[in-house]
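In case you want the letters, here they are:
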Amino acid sequence: MTVGPTGASQPTRTGPCVVIAGGGTAGHIEPALALADAVMRLRPDARVVALGTERGLEKTIVPARGYPLEMIPPVPMPRKPNVDLLKLPLKVRSAVKTTREVLERVGADVVVGFGGYVALPAYLAARGRVPIVVHDSNAKVGLANKVGARFAERVAVAVADSGLPGAEVIGIPLRESIINLDRAALRAEARAFFGLDPHAPTLLVFGGSQGARSINTAVSGAAREFAEAGIGVLHAHGPKNTLAVQAVPGAPSYVAVPYLERMDLAYAAADAALCRCGAMTVAEVSAVGLPAVYVPLPHGNGEQALNAQPVVNGGGAVLVDDADLTPAKVAELVVPMLTDHGRLSAMSTAAQGTGHREAADVLARMVLDAAAKGVS
C-alpha cells in the first residue's frame with residue numbers, strides 16, 4: 001500500500017502514472033476526467049493523479065470522482081498589460097518548481113494537459129523530463145496549449161483548423177454515462193424524476209452552471225406559446241437566479257430548477273435543447289443526439305459560435321445570436337421544431353453524426369503510448 005496526498009492508503013500499482021492538468025473550469029476538468037476513466041479502463045493497474053488549484057472547480061469535482069488531487073499555484077494569464085503581467089515570471093517560476101516536485105514525488109510517466117491555469121506550469125515542469133500530451137477542446141486554441149504543443153509528444157484537438165499545426169483531430173473525451181446514454185430507454189424515468197409530462201414534446205434549457213440571464217428571460221417569455229403548442233419545458237436557470245412562470249391549466253409543465261445534478265436524465269427527458277455552445281456542451285448534446293438551438297456567449301473571441309458551426313452545418317442544430325434572442329424568436333425557432341417529429345428525428349441523426357464518441361479511448365491510447373516511450 002502507498003499513502004495518497006490526503007493521507008489515505010491507496011493500492012500499490014505497477015502500471016504507468018498519468019498526471020492530468022485540466023483545472024479551472026468544467027470545460028477543462030470534464031475532458032480530463034473522461035480521459036482518466038478511459039486510462040483506467042484500458043490499464044486498471046495505472047495511477048492517475050490530477051493537478052489543480054485552490055480557486056478551481058477541480059477542488060471538489062476531482063476528489064468526488066475518486067482521483068487524488070495535488071494542488072499547485074495558479075498561473076492566470078493577464079488579458080491586458082498591468083501590474084499582474086509584471087509579476088508573471090515570478091508566479092510561473094514558483095508554480096513550475098512546485099509542479100516539478102509533484103511530478104517527481106508521484107513518479108509521473110506522462111503529463112496530459114487540457115489548457116487553463118494548471119496546464120502551463122505542468123508543461124514547463126515536464127519539459128525535457130516527462131512526455132507531454134496536449135488536448136484542446138475549443139475551436140480556437142488557448143495560449144497554454146500553444147506553448148505545450150511546442151514540445152509535446154502528441155497533440156490532439158476537438159475540431160480541425162484549431163490553430164495547432166499537425167494536431168490529430170479526435171473530438172472531446174466524454175463520460176461513459178453520456179456516451180452510452182439510451183435516451184429512449186430512460187425517458188419515462190427521466191420525465192417522472194423532473195415531474196414532466198410523460199408524452200409532451202419537451203425542451204431542455206440551460207445556460208451553463210451559473211445560468212444565463214438572457215436565455216432565462218427570452219425562454220420564460222415564450223411560456224405561453226409553449227403551453228398553447230403542447231410543449232413542456234425543463235429549465236435550469238442557475239443557482240443565483242430566480243424564475244417564476246405562471247402555470248397554464250391543462251398544458252404540459254414548465255419545470256424551473258436552479259441546477260441540474262443529473263444531466264443524463266435531463267438529456268433523456270428532452271426532445272431538443274436551447275443552450276450556450278461551449279465546446280463540452282456541444283460535444284455532449286451532439287453525442288446524445290439532441291437537436292439544439294445554440295446561443296453563443298456574447299463575450300470572448302467568438303469561439304462558442306465556432307464550436308457549434310460543424311453541428312449547424314451538418315443539420316443538427318440552429319444558431320441564434322444572444323442579441324437576437326427574444327421571446328418571439330424563441331417561439332419562432334422552437335415551436336416548429338418540437339412539433340415536427342420528422343424534423344426532430346432528422347436533426348437528432350445529424351447531431352450524432354458530427355460527434356466523436358470514441359475520443360476518450362483514442363486519447364487514452366495516445367497517452368499510454370507516450371508513457372511507454374518515456375519509460376523505455
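Residues numbered from 1 in each chain as written. Predicted model: local features only at pLDDT ≥ 70, side-chain atom pairs only at ≥ 80, totals over all residues. Heavy atoms only, no water.

UniProt's Function (unreviewed entry) comment on the protein chain is quoted here verbatim: "Cell wall formation. Catalyzes the transfer of a GlcNAc subunit on undecaprenyl-pyrophosphoryl-MurNAc-pentapeptide (lipid intermediate I) to form undecaprenyl-pyrophosphoryl-MurNAc-(pentapeptide)GlcNAc (lipid intermediate II)." The record in UniProt for the protein chain states the following under Sequence similarities (unreviewed entry): "Belongs to the glycosyltransferase 28 family. MurG subfamily." (UniProt positions renumbered as here; feature names shortened; annotations may be inferred.)

With that settled, consider helix α12 (residues 303–314). All of the buried residues along α12 are Gln304, Asn307, Ala308 and Val311. Summarising the axial view, the buried residues of α12 lie within an arc of 75 degrees, below the 170-degree limit, and thus occupy one face. On its buried face, α12 is in contact with α11 (279–287), β14 (292–294), β15 (317–319) and α14 (341–353). Backbone geometry just downstream of α12 places Gly315 in the positive-phi region, at approximately 95 degrees. (Buried < 20%, exposed > 50% of the residue type's maximum accessible area, 1.4 Å probe, protein only. Helix = DSSP H or I, 4+ residues; strand = E, 2+ residues; numbered from the N terminus. Arc of directions from axis to C-beta. Contact = heavy atoms within 4.5 Å.)

Attention now goes to the UniProt feature "binding site: UDP-N-acetyl-alpha-D-glucosamine" (unreviewed entry) in the protein chain. UniProt annotation of "binding site: UDP-N-acetyl-alpha-D-glucosamine" (unreviewed entry) refers to Thr25, Ala26, Gly27, Asn138, Arg175, Ser209 and Gln304 when read in the numbering used here. Residue class for Thr25 comes out partly exposed when judged on its relative accessible area of 42%. Mapped onto the secondary structure, Asn138 falls in the loop between β7 (132–136) and α5 (143–149). Excluding residues that lie within four positions of it along the chain, Asn138 makes contacts with Val159, Ser162, Ala279, Glu303 and Asn307.

Such a bond, covalent and formed between the sulfur atoms of two cysteines, is termed a disulfide. Per the stated rule, a full pass over the model turns up zero disulfides. No disulfide involves Cys277; its sulfur sits 7.4 Å from that of Cys275, the nearest cysteine. (Disulfide = S-S within 2.5 Å.)

Attention shifts here to the nonpolar core. Leu204, Leu234, Leu260, Tyr267 and Tyr294 are the most contacted members of the largest nonpolar core, which totals 40 residues. Two domains each provide a minimum of three residues to this core, namely domain 1 (17–174 + 357–374) and domain 2 (177–354). Filtering out sequence-adjacent residues up to four positions away, Leu234 remains in contact with Phe194, Leu196, Thr202, Leu203, Leu204, Val205, Val255, Val257, Leu260 and Ala266. (Core = buried A, V, L, I, M, F, W, Y, C linked by side-chain atoms within 4.5 Å. Domains from an automatic or database assignment.)

Moving on, we come to the side chain of Thr202. Tracing the chain through its elements places Thr202 in strand β10 (residues 202–206). A distance of 3.3 Å separates the side chain of Thr202 from the side chain of Arg191, its partner in a polar contact. Once you skip the residues sitting within four places of it in the chain, Thr202 turns out to touch Arg191, Leu196, Gly232, Val233, Leu234, Ala269, Ala270, Asp271, Ala272 and Leu338. (Polar contact = N/O pair within 3.5 Å; in protein donor to acceptor, adjacent residues only side chain to side chain.)

Now for the domain arrangement of the protein chain. In terms of domain boundaries, the protein chain breaks down into domain 1 (17–174 + 357–374) and domain 2 (177–354). For domain 1 and domain 2, the distance between their C-alpha centres works out to 31 Å. Opposite the 11 residues of domain 1 that make contact, domain 2 presents 13 residues. Contact between domain 1 and domain 2 buries roughly 1200 Å² in total, counting both sides, with carbon and sulfur atoms accounting for 66%. Looking only at domain 1, the three residues that lose the most surface to domain 2 are Lys140, Leu174 and Arg357, adding up to 59% of its buried area. (Buried area = accessible area lost by both parts, 1.4 Å probe.)

Here we come to the pattern of salt bridges. All chains considered together, the criterion is met by 18 salt bridges. The partner of Glu54 in a salt bridge is Lys59, with the nearest N and O atoms 2.8 Å apart. With its nearest N and O atoms 2.8 Å apart, the salt bridge here joins Arg276 to Asp322. Taken as a pair, Arg276 in the loop between β13 (272–275) and α11 and Asp322 in the loop between β15 and α13 (327–338) lie far apart in primary sequence, 46 residues in all. Taking the relative accessible area as the measure of exposure, Asp322 reaches 16% and is therefore buried. If you follow the salt bridges from partner to partner, you end up with Glu30, Asp37, Arg65, Arg175 and Glu284 in one network. (Salt bridge = Lys/Arg side-chain N within 4 Å of Asp/Glu carboxyl O.)

Within the open sheet, the seven strands sit side by side as β5-β4-β3-β6-β7-β8-β9. Their pairing is parallel. The sheet is open, and its two borders are formed by β5 (69–71) and β9 (168–169), each paired with just one other strand. Direction of pairing for strand β6 (residues 110–113) relative to β7: parallel, over a ladder of three bridges. From the neighbouring strand, Gly113 faces β7, where its bridge partner is Val134. Lying over the sheet, helix α1 (residues 26–42) contacts β3 (17–21), β4 (47–52) and β6, oriented at roughly 170 degrees with respect to β3. (Pairing = 2+ DSSP bridges. Axes fitted to C-alpha atoms, helices over the stretch in contact; angles between N-to-C directions.)

This part is about the sheet that holds β13. Strand order in this open sheet of six strands is β12-β11-β10-β13-β14-β15, and the pairing throughout is parallel. Each edge of the open sheet is held by one strand with a lone partner, namely β12 (254–257) and β15. The average undirected angle you get between the axes of adjacent strands in this sheet is 15 degrees. Lying on the sheet, helix α8 (residues 213–220) is in contact with β10, β11 (232–236), β12 and β13; it crosses β11 at an angle near 160 degrees.

Before going further, it helps to examine α11. Across the nine residues that make up α11, a large majority, eight, are buried. When α11 is considered as a whole, its buried residues turn out to be Ala279, Met280, Val282, Ala283, Glu284, Val285, Ser286 and Ala287. Looking one or two residues past α11, Gly289 carries a phi angle of roughly 80 degrees, positive in sign.

Relative to each other, α11 and α12 sit at 20 degrees, their axes nearing to 8 Å. The orientation of α11 with respect to α12, classified from their angle, is roughly parallel. Relative to α12, the crossing made by α11 is right-handed. Here Ala279, Val282 and Ser286 of α11 lie close against α12, whose contacting residues are Asn307, Ala308 and Val311. (Parallel < 35°, antiparallel > 145°, perpendicular 65-115°, else oblique. Left-handed = near helix turned anticlockwise from the far one by under 90°.)

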